[in-house]
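Structural characterization, general
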Amino acid sequence: MLLIDGDLRKPEVARYLRINNKVGLMNVLAGQCNLEDATQKTILSTLEILPSNRKAYQQSELLGGPGLAEVLSRARMLYDEIIIDTPAVLAMPDAKLWATLADGVILVARSAKTSAGDLNEAKARMQQTGARILGVVITGVRMGDSYEKYQHRYGEGYVDEPVSEDDISATRVFLLSRTLGGEEEESTDSQHTSEGERS
């Protein structure tokens, strides 16, 4: 599995996993190295990371070029599953760029923080790109809370269509994305991800 840190403005994956992010996604997009040279192994034998870093912010326009599709095409050849962590859907345009290349999108909402309106807006923006919404993950759920509580808050209709076993075996890239970022992340969250796994 390959985890790509697609957040160029506030990359956190390398810090969370305590790996070096001196070389990463933007180096590959800029043609400074290939994908294999930029990925790093983790303590999990089935997980590798393609990190990002803050100084890549000035080169964020590279995300809109053809290099991004080429990187994912190469990753599909090397991995069976690819997960892409992107910036907030409502705060930055980057998530929509990633969505055009993903096989599916999973929105992540923070319990009692993300409003139903923001979640619906994030879903609508992803659907504008033609992305397939696979569902929603709600984080920060308290033990003892009932399903009905969250159904009442967020409603239904966040899945475009059921996913069959054939779909799962054929799907390569998923996007996981939060709704808002920065200081507002405390009040609203929806996250965007892409999946790929090394065979």
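Scoring rules and cut-offs
- Residues numbered from 1 in each chain as written.
- Predicted model: local features only at pLDDT ≥ 70, side-chain atom pairs only at ≥ 80, totals over all residues.
- Heavy atoms only, no water.
- Core = buried A, V, L, I, M, F, W, Y, C linked by side-chain atoms within 4.5 Å.
- Buried < 20%, exposed > 50% of the residue type's maximum accessible area, 1.4 Å probe, protein only.
- Helix = DSSP H or I, 4+ residues; strand = E, 2+ residues; numbered from the N terminus.
- Contact = heavy atoms within 4.5 Å.
- pLDDT = per-residue confidence, 0-100.
- Salt bridge = Lys/Arg side-chain N within 4 Å of Asp/Glu carboxyl O.
- Expected span 1.5 Å × (residues − 1).
- Arc of directions from axis to C-beta.
- Polar contact = N/O pair within 3.5 Å; in protein donor to acceptor, adjacent residues only side chain to side chain.
- Pairing = 2+ DSSP bridges.
- Right-handed = clockwise from strand over helix to strand, strands pointing away.

**Description of the nonpolar core**
Of all hydrophobic cores here, the largest spans 21 residues; its most connected members are Ile4, Leu25, Leu29, Leu50 and Trp98. Breaking this core down by element, the ones donating at least two residues are strand S1 (2-5), helix H2 (25-29), helix H3 (35-38), helix H4 (67-78) and strand S4 (82-85). Among the elements that line this core, the one with the most residues is H4, at 5 residues. If sequence neighbours within four positions are ignored, Leu29 has contacts with Leu62, Leu63, Gly67, Leu68 and Val71.

**Observations regarding the confidence of the model for the protein chain**
Looking at the protein chain as a whole, its pLDDT mean stands at 76, while 68% of the residues score no less than 70. Low confidence marks residues 182-199, where pLDDT is under 50. Its contacts with residues over four positions away, or in another chain, come to 100 contacts.

**Considerations on the pattern of salt bridges**
With the rule as written, the count across this model stands at 5 salt bridges. Arg74 serves as the salt-bridge partner of Glu36, at 2.3 Å between the closest nitrogen and oxygen. Within this pair, whereas Glu36 is found in helix H3, its partner Arg74 is found in helix H4, the two being separated by 38 residues in sequence. Classification of Arg74 by relative accessible area gives partly exposed; the value is 32%. Lys41 is the salt-bridge partner of Glu48, the closest N and O atoms lying 3.1 Å from each other. Residue Glu48 is classed as buried on the basis of its relative accessible area, which comes to 7%.

**Some points on the side chain of Ser52**
Relative to the elements of secondary structure, Ser52 occurs in the loop between strand S3 (48-50) and H4. Leave out the neighbours within four places in its chain, and Ser52 touches Asp5, Asp7, Leu8, Pro11 and Asn21.

**Quick look at unusual backbone geometry**
Non-glycine residue Arg18 carries a positive phi angle of around 55°. Inspection of the secondary structure assignment puts Arg18 in the loop between helix H1 (13-17) and H2.

**A short note on the environment of Thr86**
Structurally, Thr86 is set in the loop between S4 and helix H5 (94-99). Residues Thr86 and Pro11, spaced 75 residues apart in sequence, show a C-alpha to C-alpha distance of 9.0 Å.

**Remarks on helix H6 (residues 116-128)**
Between its first and last C-alpha atoms H6 spans 18 Å; for 13 residues at 1.5 Å apiece the expected length is 18 Å, and the two agree. Turning to H6, its buried residues are Leu119, Ala122, Lys123 and Met126. Summarising the axial view, the buried residues of H6 lie within an arc of 100°, below the 170-degree limit, and thus occupy one face. Looking at the residues trailing H6, positive phi occurs at Gly130, about 90°.

**A word on the side chain of Thr39**
Take Thr39: it is sitting in the loop between H3 and strand S2 (40-41). In this structure the side chain of Thr39 is engaged in a polar contact, spanning 3.3 Å, whose partner is the backbone oxygen of Glu36. Not counting residues within four places of it along the chain, the set of residues in contact with Thr39 comprises Leu2, Glu48, Ile49, Leu50 and Tyr79.

**Overview of the pairing of strand S6 (residues 133-139)**
Direction of pairing for strand S5 (residues 104-110) relative to S6: parallel, over a ladder of 6 bridges. Within the sheet, the bridge partner assigned to Ala109 lies in S6 and is Ile138. For the crossover that starts at S5, traverses H6 and ends in the parallel S6, the hand is right-handed.

**Topic: H4**
If you check H4, its first and last C-alpha atoms are 17 Å apart, about what 12 residues at 1.5 Å a residue would give, namely 16 Å. Where H4 is concerned, the buried positions are Gly67, Leu68, Val71, Leu72, Ala75 and Leu78. All buried residues of H4 fall inside an arc of 135° around its axis, so they share one side. Of the exposed residues in H4, those oriented more than 90 degrees away from the buried face are Glu70 and Met77. Structurally, H4 contributes buried residues whose contacts are with S1, H2, H3, S4 and H5.

**Observations concerning the environment of Lys96**
With respect to the helices, strands and loops of the structure, Lys96 is situated in helix H5. When its relative accessible area of 28% is taken as the criterion, Lys96 is described as partly exposed. Taking C-alpha positions, Lys96 is 10.0 Å from Ala122, a pair spaced 26 residues apart along the chain. Non-local contacts of Lys96, meaning those with residues more than four positions away in its chain, are made with Arg125, Met126, Gln128 and Thr129.

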